[in-house]
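Observations on the three-dimensional arrangement
Okay, here's what each chain looks like letter by letter:
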Amino acid sequence: MMKKTNKLMSSSFLVSLSHSITGITCCPPPASFQFHSHFLLFSTNKSNPNPKPHFPYSSNPTHANLQRLLLEKSKSGFDKLDDALAVFDKMLHMKPLPSVYQFAQLLAALVKMKRYSVAVSVFKDICVKGIPVDIVTITTVINCFCHLNRVDYAFSLLAGTIKRGFVPNVVTYNTLIRGLISRDNPAEAQLLFTNLIRFKVIQPDVVTYTTIINGLCKRAHASTAVTLFRYMEKKGCQPDTVTYNTLIDCLCKLRLVDQALGLLHEMIKKGITPNVITYSSLIQGLCDFNRWQDVNQLLSEMKTRNISPNVHTFNILVDAYGKEGMINDAEDVIEFMIQRGQHPDVVTYSALMDGYCLRGEVDKALAVLETTMKKRGIVPNICTYNILINGYCKKLKVDRAIDLFQQMPLEGLTPTIETYNTILQGFFHTGRHVDARKFFKEKMMLNKALTLDNFTCSILLHGLCQNRFVVEALSFFDTMLSAGLIPNICIYSTLIDGLSKNGHLEKARSLFDNLPLKGLRPNVKTYTMMIQAYCHVGLLNDANELVLKMEANGCLPDDVTYNTLIRGFFHNKKYNEAGVLMDEMCARGFSADASTASALLDLLKSQEQNPALLALREKFLT
């Protein structure tokens, strides 16, 4: 009776599901397979659509050998695909046929080999030949469809499964939920989860909850994830280490490290053992805040609990020390990890090189690549080269960066858009705008494999405007629009600033006024650029009105905005107004910057007895 009820619930659920879940878009199927519903010809000879796994021992030597082989390969996979297919062919010709469990083991072996499309094809052959299948086999194929980015096929198979009398279990639905999340459809995954509970199709287990929590964390919905975490506890489902790790990692990435530490203490109190993943996430979070004492405390705690840091843990420390310029500490970590039997990898040394570059010691970073890494047989990757190229460009040694750029293909590496952007920006920073424009036209625009991004456009527009090539900048901007690239607010801000500083205020104002039509909202930087442009030509009323407008639009002025406007008043000899604005700025917790102070000092030197300026000096002194 219970079985029939479950089947009805599943059918009702599926109808609801088909109406509820939308937006699972189809993509072209892999060339290696095509799925058709008529292949889902489950054998009608099965006595139980959901048999329990069993391990019958066969006295037949052939069957016994097969059992041992499949048990081993289901855990590790076959060395070669041809070997797996040869075993499948042999199984089809055996008398009697191997059990459904052994066919499931073969599919599991193919999954271990990541031969998902082959597993689907084998499953179709099994169905066509009328060999009985079970829910474990079907769930394995659903998993394959999810890995092949064909969640739509997975749901079609689910529908056929229920129609033919099979009752999907919690593992089946967990697989579908994970598939939706992996395809960046967390909303559909949540809807599926909600309907599972609503229709009482399954009792969600810790994997179900953890999978949904992971989906929420990927979207940075930490509060909702914590709420679900507490709900699962309330429902009697005990979180495990993976659940806690998922939440802790999310909280650390959102800089909520103290909450994450609270979860660590909670899990220990409940007897749930943290592992190296737990501590690595927390160490990363604490390093982001330079809380070195807390980092050392966690490392000591790991030692007490006999949890050894892995390469990832050490890489976090090397990267953190490098970013803070603590190179000696970073090198000590590498030496320590070698002593502990851990092998530094390309990530380790790239982090060390980045630390050297941040200190301006680019040649030392290069020595790490050419000496240490080569000595240890560690092959550099794109990130390694990008770090060096960026370091040399910041040292204004663009020709050395170009040498590295040309060396990358010799190492079997293809420069990324980040590589090209760095060099382009390097040329502009060194004043070599001719080389920059040539590099862009010959190496970037003509490179069909390269997709220009908004950062590329921002670099080029800024560089052109800075060198007074405004017409060329506008032409490129129009080309960019025609090519279908959608500029972001940073692109518009760059162009607005460039136009206004090159005497094209009306064009800059037109772009600014039309931002809402583009679906963009000016940020504080965009507003400040326009305020500076108005001040430069003496349009102080327009500048004041824009300050009021930005506040009305929910964008509060910052210290740069106030200092820009105050200097505008200085420039236009509106000293009393500057004093009023300075009072307002100080009331909001901001203070005058070095440029504003310097401008005031220059004015005092030339107008020593001006009462308004003397009053401003008093404001500065207090």
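Residues numbered from 1 in each chain as written. Predicted model: local features only at pLDDT ≥ 70, side-chain atom pairs only at ≥ 80, totals over all residues. Heavy atoms only, no water.

The protein is annotated in an unreviewed UniProt entry as Mitochondrial PPR protein of Heracleum sosnowskyi.

**Regarding helix α19 (residues 362-376)**
Using the following cut-off: In this text, helices come from DSSP runs of H or I with a minimum length of four residues, and strands from runs of E with a minimum of two, each type numbered from the N-terminal end. Here the expected length of a helix is defined as 1.5 Å per residue gap, with one fewer gap than residues. Bend at a given residue is defined as the angle between two axes, one fitted to the seven residues that end at that position and one fitted to the seven that begin there. Residue burial is assigned from relative accessible area. The probe radius is 1.4 Å, only protein chains are included, and a residue is buried under 20% of its type maximum, exposed over 50%, and partly exposed in between. Pairs of residues are marked as contacts when any of their non-hydrogen atoms sit within 4.5 Å.
An ideal rise of 1.5 Å per residue puts 21 Å on 15 residues; α19 measures up with 20 Å between its terminal C-alpha atoms. The largest bend along α19 measures about 30° and falls at V368. Buried residues of α19: V362, A365, L366, V368, L369 and M373, and no others. The inward-facing, buried residues of α19 abut α18 (346-358), α20 (382-394) and α21 (398-407). At the C-terminal side of α19, G377 shows a positive phi close to 70°.

**Describing a negative patch on the surface**
Definition in use: Patch membership needs two things, relative accessible area over 30% and no salt bridge, and members are linked within 9 Å if like-charged or within 5 Å if nonpolar (Val, Leu, Ile, Met, Phe, Trp, Tyr). Only the protein chains shown count as covering a residue, and every accessible area follows the Shrake-Rupley method with a 1.4 Å probe. Counted as salt bridges are all cases of a side-chain nitrogen of Lys or Arg within 4 Å of a carboxyl oxygen of Asp or Glu. Here the positive residues are Lys and Arg and the negative ones are Asp and Glu; neither His nor the chain ends is included. We put the charge of a Lys on NZ, of an Arg on CZ, of an Asp on CG and of a Glu on CD.
Taken together, the side chains of D329, E331, D332 and E335 define an acidic patch exposed on the protein surface. A residue is classified by how much of its surface remains accessible, and E335, at 44% relative accessible area, is partly exposed.

**Observations concerning the pattern of salt bridges**
Going through the model one piece at a time under the given rule, you end up with 23 salt bridges. Here E266 ties to K270 by a salt bridge, and the two come within 3.4 Å at their closest N and O atoms. Here K270 falls in the partly exposed class, since its relative accessible area comes to 41%. A salt bridge links R437 to E472; the shortest N-O distance between them is 2.9 Å. Of the two residues, R437 sits in helix α23 (residues 433-445) while E472 sits in helix α25 (residues 470-482), which places them 35 residues apart along the sequence. Since its relative accessible area comes to 24%, E472 is described here as partly exposed. A single salt-bridge network, built from bridges that share partners, covers R230, E233, E266 and K270.

**Details of the environment of E506**
Tracing the sequence through the fold places E506 in helix α27 (residues 505-513). Spatially, the C-alpha atom of E506 lies 9.9 Å from that of I496, the residues being 10 residues apart in sequence.

**A short note on the environment of G538**
Position of G538 relative to the elements: it lies in the loop between α28 (524-536) and α29 (540-552). Separated by 30 residues in sequence, G538 and G568 place their C-alpha atoms 7.8 Å apart.

**Overview of the packing of aromatic side chains**
Put simply, the test is: The pairing test for Phe, Tyr and Trp rings, Trp by its six-membered ring, is centres within 6.5 Å, and the orientation test on the planes gives stacked under 30 degrees, edge-to-face over 60, and tilted for anything in between.
Enumeration according to the criterion identifies 15 aromatic pairs in this entry. With a centroid separation of 5.0 Å and 75° between ring planes, the pair formed by F229 and Y244 is classed as edge-to-face. With F229 in helix α11 (residues 222-234) and Y244 in helix α12 (residues 241-253), this pair connects stretches of sequence that are 15 residues apart. With respect to class, F229 is no different from Y244; both count as buried. For the ring pair F512 and Y527, a centre distance of 5.6 Å and an interplane angle of 75° mean the geometry is edge-to-face.

**Quick notes on the nonpolar core**
Rules: Note on terminology: a nonpolar core comprises buried Ala, Val, Leu, Ile, Met, Phe, Trp, Tyr and Cys residues joined through side-chain atoms within 4.5 Å.
Ranked by internal contacts, the top residues of the largest apolar core, which has 193 residues, are L110, Y173, L352, L388 and F439. If one sorts the elements of this core by residue count, helix α5 (residues 116-128) sits on top with 8 residues. Excluding its chain neighbours within four sequence positions, the residues that come into contact with L110 are L81, A84, R115, V118, A119 and V122.

**Some thoughts on the side chain of S493**
Spelled out, the test is: Within 3.5 Å is the distance limit for a polar contact, defined as a pair of N or O atoms, with the added protein rule that one can donate a hydrogen and the other accept it, and that residues adjacent in sequence qualify only through two side-chain atoms.
Mapped onto the elements of the fold, S493 is located in helix α26 (residues 489-501). By relative accessible area, which is 3% here, S493 ends up buried. From its side chain, S493 meets the backbone oxygen of I489 in a polar contact 2.8 Å long. Apart from the residues within four sequence positions on either side, S493 is in contact with N523, T526 and M529.

**Focus: the environment of L452**
Topologically, L452 is positioned in the loop between α23 and α24 (454-466). Taking the C-alpha atoms as reference, L452 lies 9.8 Å from E418; in sequence the two are 34 residues apart. When residues no more than four places from it in sequence are discounted, the contact partners of L452 are I417, F440, M444 and L485.

**Details of the packing of α24 against α26**
Cut-off, in case you're wondering: Fitted lines through C-alpha atoms serve as axes, helices being fitted only where they are in contact, and the angles separating the N-to-C directions of these axes extend from 0 to 180 degrees. Every angle not falling under 35 degrees, over 145, or within 65 to 115 is termed oblique; those three ranges are roughly parallel, roughly antiparallel and roughly perpendicular. The nonpolar class holds Ala, Val, Leu, Ile, Met, Phe, Trp, Tyr, Cys and Pro. Asp, Glu, Lys and Arg form the charged class, and all remaining residues, Gly among them, are polar.
The interhelical angle for the contact between α24 and α26, taken along N-to-C directions, is 5°, at an axis separation of 9 Å. What the angle tells us is that α24 and α26 run roughly parallel. Packed against α24, whose contacting residues are N454, C457, S458, L461, H462 and C465, the element α26 presents C490, I491, T494, L495 and G498 at the interface. When grouped by side-chain class, the residues that make up the contact of α24 with α26 number 6 nonpolar, 5 polar and no charged.

**With respect to the confidence of the model for the protein**
Going by this rule: You can read pLDDT as the predictor saying how much it trusts each residue, on a scale of 0 to 100.
Confidence in the prediction of the protein, expressed as mean pLDDT, is 89, and 90% of residues score 70 or more. The low-confidence segment residues 18-38, where pLDDT is below 50, has 39 contacts with residues more than four positions distant or belonging to other chains.

**Focus: the packing of α20 against α21**
What counts, and what does not: Crossings are classed by handedness, with left-handed meaning an anticlockwise turn of the near helix from the far one by less than a right angle and right-handed meaning a clockwise turn.
Their axes nearest at 7 Å, the elements α20 and α21 cross at an angle of 165°. Judged by the inter-axis angle, α20 sits roughly antiparallel to α21. The interaxial crossing formed by α20 with α21 has left-handed handedness. Contacts from Y385, L388, I389, Y392 and C393 of α20 reach α21 at V398, R400, A401, L404, F405 and Q407.

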